[in-house]
Amino acid sequence: MKTDKYIKNYINGELVDPIPNEYLDNYNPATGEVYSYIPNSDERDVELAVAAAKKAFPEWSRQPIAFRWGLLNRIADLIYQNLDLLAAAESEDNGKPVNLARTVDIPRAVENFRFFASAIKHFSSESHHMTSGAINYTLRRPLGAVACISPWNLPLYLFTWKIAPALAIGNTVVAKPSEVTPMTAYLLSKICIEAGLPPGVLNIVHGLGRKVGEAMVLSKEIKAISFTGGTETGKKIASLAAPLFKKMSLELGGKNPTLIFADCDFDRMIQTVLRSSFSNQGQICLCGSRILVQESLYERFKLAFLEKASLLRIGDPQSPDTQVGAVVSKEHQEKILSYIELAKEEGGRILLGGGIPEVNKRCSNGYFVEPTIIEGLDDHCRSNQEEIFGPVVSIAPFTDEEDALRKANASEYGLASSIWTENLSRAHKLAESIETGIVWINCWMLRDLRTPFGGMKNSGMGREGGWEVLRFFTEPKNVCIKYR
Ligand code: TXE
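The written sequence of each chain sets the order in which its residues are numbered from 1. Totals for whole chains, interfaces and linings use every residue, but because this is a predicted model, local features are given only for residues with pLDDT of at least 70 and side-chain atom pairs only at 80 or more, for both listing and counting. Processing note: side-chain calculations cover all non-hydrogen atoms of the structure and skip hydrogens and water entirely.

### Focus on the overall build of the protein
Counting its secondary structure elements, the protein contains 15 helices and 22 strands. Atoms considered for the radius of gyration are the C-alpha atoms alone. The globule rule reads 2.2 Å times the number of residues to the power 0.38. For a compact globule of 484 residues, the expected C-alpha radius of gyration is about 23 Å, and the protein comes in at 23 Å, within 12% of that figure. For the protein, the spread of C-alpha atoms along the principal axes amounts to about 70 × 65 × 40 Å. Contacts are assigned to residue pairs that have any heavy atoms within 4.5 Å of one another. By sequence separation, contacts in the protein at least 24 residues apart represent 75% of the contacts at least 6 residues apart. Separation between the mean location of the 54 positive side-chain charges and that of the 57 negative ones in the protein comes to 7 Å. Each helix is a run of DSSP H or I of at least 4 residues and each strand a run of E of at least 2, with the numbering of both proceeding from the N terminus. Charged residues are defined here as Lys and Arg on the positive side and Asp and Glu on the negative side; His and the ends of the chain fall outside this count. Every charge is mapped onto a representative atom, which is NZ of Lys, CZ of Arg, CG of Asp or CD of Glu.

Written as structure tokens, this is what we have:
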């Protein structure tokens, strides 16, 4: 298998050109050069994909579980066999260090297919017996053709996180990867063809969100939408889909607090907080971008955090020892730098970074931002409220648990939080009161896939993962039989 200069749509089991026969430039963020071209598809391509998905649905949904189990595992096997190629492609497309793609993104795509292939063997429904002589049972049937729309930060990881459960439970899929990072979705198409996935079961249409994405959302044959991306886009999708009474799962942005108490395990905390701050150049919706430290520990933390962050290796994402790669696009680099300027205007002091690092050789024109640590920002200022989605964190002290909770909850987002303390009752108490859908205690990005995943407030609605997402992709029908 290999990457190609001209990416194609995957519709009805074939790799095809977009009907408009137009292509968009696809940039390598590490070099700033166009390295491939993606279909500039339109609603006609979406119509073909939806028709293929609709046609494939009856047979796919009736297949025995063992059949779908076997195919999804075959896809997982092929992703694993192509791990190096996919990791290199992911890194070239997104700018992330190749080692991060090799150890996180691509292995997780394998696990997404494996997990949901096995989950359908254990998926159950419920029945309720009435003493008056009736039995109710809940019939959970797949919905039909569904839409999966994913973002650029964890391209194959989040793409397969939606597609795997939708297919496993018996739906057919029209999927759209981000136009910013299309390559690994294209390679997944080739893997599905090699795996023998029946035509129309999965269809991948490349192109712009407002054209291709909206056409998917508005299609009458699309029964549910699973979306991950920005909060503003989520609002737009919800406004279109709600009047059509479509099921929606919206995984949106975050501005996640990290609470660090003086009694924490300092060495374990500092290593993990470095990751939760700058992993994937801070372009993970779960990154902790607001670090709040108990004042008695604040100076010690600041010193250690600055020292470790200053040692992070920024460089060519294709180099195996790079820890901080390029951010995903020129526009995104400019957005991040503009927020750093805004933070300065709002009274922030730049303790580390704040600019564009020197990256030599082939990456001299790439889109890089230095890991940046800012102190002295008010809880409610824009740069501490809005999602920057880059290697930028603010640090601030808090006095006690009450103050920590107030600062943590001072956000319109509510996706994830990390709490570092060895005091168990404090941990459980704060976990109950902190307004985030995910709470990590003395860890970060550690999750059992059976658990529900998602945020509250402006971080979205619905849950992915585990039984929740399998239920999301089914229609529960209650049948009641009176037998006496
Ligand atoms: O997301 P978009 P982008 C945040 C982050 C980032 C911001 C924008 O702050 O800076 O969102 O990122 C498709 N109808 N997150 O531009 O625009 C689009 O083509 C239907 C957090 O990547 O939301 C792409 O495939 N689809 C997030 C997908 O939606 C539309 C991860 C995401 O694009 C559409 C990424 C429309 N009208 C960004 N407009 C997280 N929670 O992880 C766009 N799309």
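What follows continues from the structure just given.
### A word on the site of the ligand
Think of it this way: one heavy atom of a residue within 4 Å of a molecule or strand is enough to make that residue near it. Residues in close proximity to the ligand total 27 residues, the closest being Trp152, Glu179, Leu252, Lys335 and Glu387. Polar contacts here mean pairs of N or O atoms no more than 3.5 Å apart (in protein, one a potential hydrogen donor and the other a potential acceptor; neighbouring residues in sequence count only if both atoms are side-chain atoms). Ser150 places a polar main-chain atom, nitrogen or oxygen, 2.8 Å from an oxygen atom of the ligand. Within the contact set of the ligand, an oxygen atom lies 2.7 Å away from a side-chain nitrogen or oxygen of Lys176. Accessible areas in this description were obtained via Shrake-Rupley with a 1.4 Å probe; residue shielding takes into account the shown protein chains only. About the coverage of the ligand: the protein hides 87% of its 810 Å² of free accessible area. Put simply, the parts of the chain that give the shell around the ligand at least two residues each are helix H7 (209-218), strand E10 (222-228), helix H8 (231-241) and helix H11 (330-345). Under the convention adopted here, Pro, Cys and the residues Ala, Val, Leu, Ile, Met, Phe, Trp and Tyr are nonpolar, Asp, Glu, Lys and Arg are charged, and Gly plus all remaining residues are polar. Residue composition of the shell around the ligand, by class: 9 nonpolar, 11 polar and 7 charged. Residues lining the shell around the ligand come from more than one domain, with at least three contributed by each of domain 1 (9-252 + 459-480) and domain 2 (256-448). For every domain, the bounds stem from an assignment made automatically or drawn from a database.

### Focus on helix H6 (residues 183-195)
Side chains three or four residues apart in an α-helix point the same way, a direct result of the helix having 3.6 residues per turn. The end-to-end C-alpha distance of H6, which contains 13 residues, comes to 18 Å, matching closely the 18 Å that a straight helix rising 1.5 Å per residue would cover. Burial classes: relative accessible area under 20% of the type maximum marks a residue as buried, over 50% as exposed, and values in between as partly exposed (1.4 Å probe, protein chains only). Within H6, 11 of the 13 residues are buried, which leaves the element mostly enclosed by the surrounding structure. Of the positions making up H6, those classed as buried are Met183, Thr184, Ala185, Tyr186, Leu187, Leu188, Ser189, Lys190, Ile191, Cys192 and Ala195. Within two residues after H6, Gly196 carries a phi angle of roughly 85°, on the positive side. In a helix, the anticipated span is given by 1.5 Å times the number of residues less one.

### Regarding the pairing of strand E6 (residues 134-142)
In E6, alternate side chains face the same way, and those of Ala134, Asn136, Thr138, Arg140 and Pro142 are buried while those of Ile135, Tyr137, Leu139 and Arg141 on the opposite face are not. Between the antiparallel neighbours strand E5 (residues 127-130) and E6 lie 3 residues, among them Gly133 with a positive phi of about 100°. Strand pairing requires that DSSP identify at least two bridges connecting the strands.

### Looking at the sheet that holds strand E19 (residues 438-441)
The 7 strands lie next to each other as E14-E15-E16-E13-E12-E18-E19, forming an open sheet whose pairing is mixed. Where the open sheet ends on each side, the last strands, each with one partner, are strand E14 (349-352) and E19. Mean inter-strand twist for the sheet, computed between neighbouring axes without regard to direction, equals 25°. Of the pairings in the sheet, the one linking strand E13 (residues 288-294) to strand E16 (residues 392-398) comprises 5 bridges and is parallel in character. Each residue of the ladder has a partner; that of Gln294, found in E16, is Phe398. In this analysis an axis means a line fitted to C-alpha atoms, helices contributing only their contacting stretch, and an angle means the value between N-to-C directions, from 0 to 180 degrees. Packing of helix H10 (residues 295-310) onto the sheet brings it into contact with strand E12 (256-260), E13, E14, strand E15 (372-375) and E16, and relative to E13 it is tilted by some 140°.

### Some words on the pairing of strand E3 (residues 23-28)
When E3 meets strand E4 (residues 33-39), the two strands line up antiparallel, connected through 6 bridges. Residue pairing in the sheet places Asn26 in a bridge with Ser36 of E4. The hairpin turn running from E3 into E4, its antiparallel successor, is 4 residues long, and Gly32 in that turn takes a positive phi close to 75°.

### What about the packing of aromatic side chains?
Between the rings of Phe, Tyr and Trp (Trp by its six-membered ring), a pair exists once the centres lie within 6.5 Å; its type follows the angle of the planes, with under 30 degrees stacked, over 60 edge-to-face, and the other angles tilted. Within this structure, the stated rule accounts for 12 aromatic pairs. Considering the side-chain rings of Phe115 and Phe116, the 4.9 Å spacing of their centres and the 90° angle between planes classify their relative orientation as edge-to-face. You can call Phe116 buried: its relative accessible area is 0%. With a centroid separation of 6.0 Å and an interplanar angle of 15°, the aromatic rings of Phe278 and Phe305 are classed as stacked. Separated by 27 residues along the polypeptide, Phe278 in helix H9 (residues 266-278) and Phe305 in helix H10 bring together distant segments of the chain. By relative accessible area, which is 3% here, Phe278 ends up buried. An aromatic cluster of three or more residues is present, and its members are Tyr6, Tyr23 and Tyr37.

### Overview of the sheet that holds E5
Strand order in the open sheet formed by 3 strands is E5-E6-E22, and the pairing between neighbours is antiparallel. Looking at the sheet topology across the chains shown, the edges are occupied by E5 and strand E22 (474-482). Adjacent strand axes in the sheet meet at a mean angle of 20° when their direction is disregarded. As judged from the 9 bridges shared by E6 and E22, these two strands associate in the antiparallel manner. Residue pairing across strands places Pro142 opposite Thr474, the latter belonging to E22.

### Comments concerning the domain arrangement of the protein
When the parts of a complex come together, some accessible area is lost, and that lost area is often used as the size of the interface. When the domains of the protein are assigned, the result is domain 1 (9-252 + 459-480) and domain 2 (256-448). Inter-centroid distance (C-alpha atoms) of domain 1 to domain 2 is 30 Å. The interface is formed by 29 residues belonging to domain 1 together with 31 residues belonging to domain 2. Of the roughly 2,200 Å² buried at the junction of domain 1 and domain 2 (both faces included), carbon and sulfur atoms supply 54%. Buried surface area refers to the total accessible area, computed with a probe of radius 1.4 Å, that the two partners give up upon joining, counted for both partners together.

### What to know about the side chain of Asn73
When you line up the elements, Asn73 lands in helix H2 (residues 65-81). For Asn73, a relative accessible area of 12% corresponds to the buried category. Non-local contacts of Asn73, meaning those with residues more than four positions away in its chain, are made with Arg114 and Ala117.

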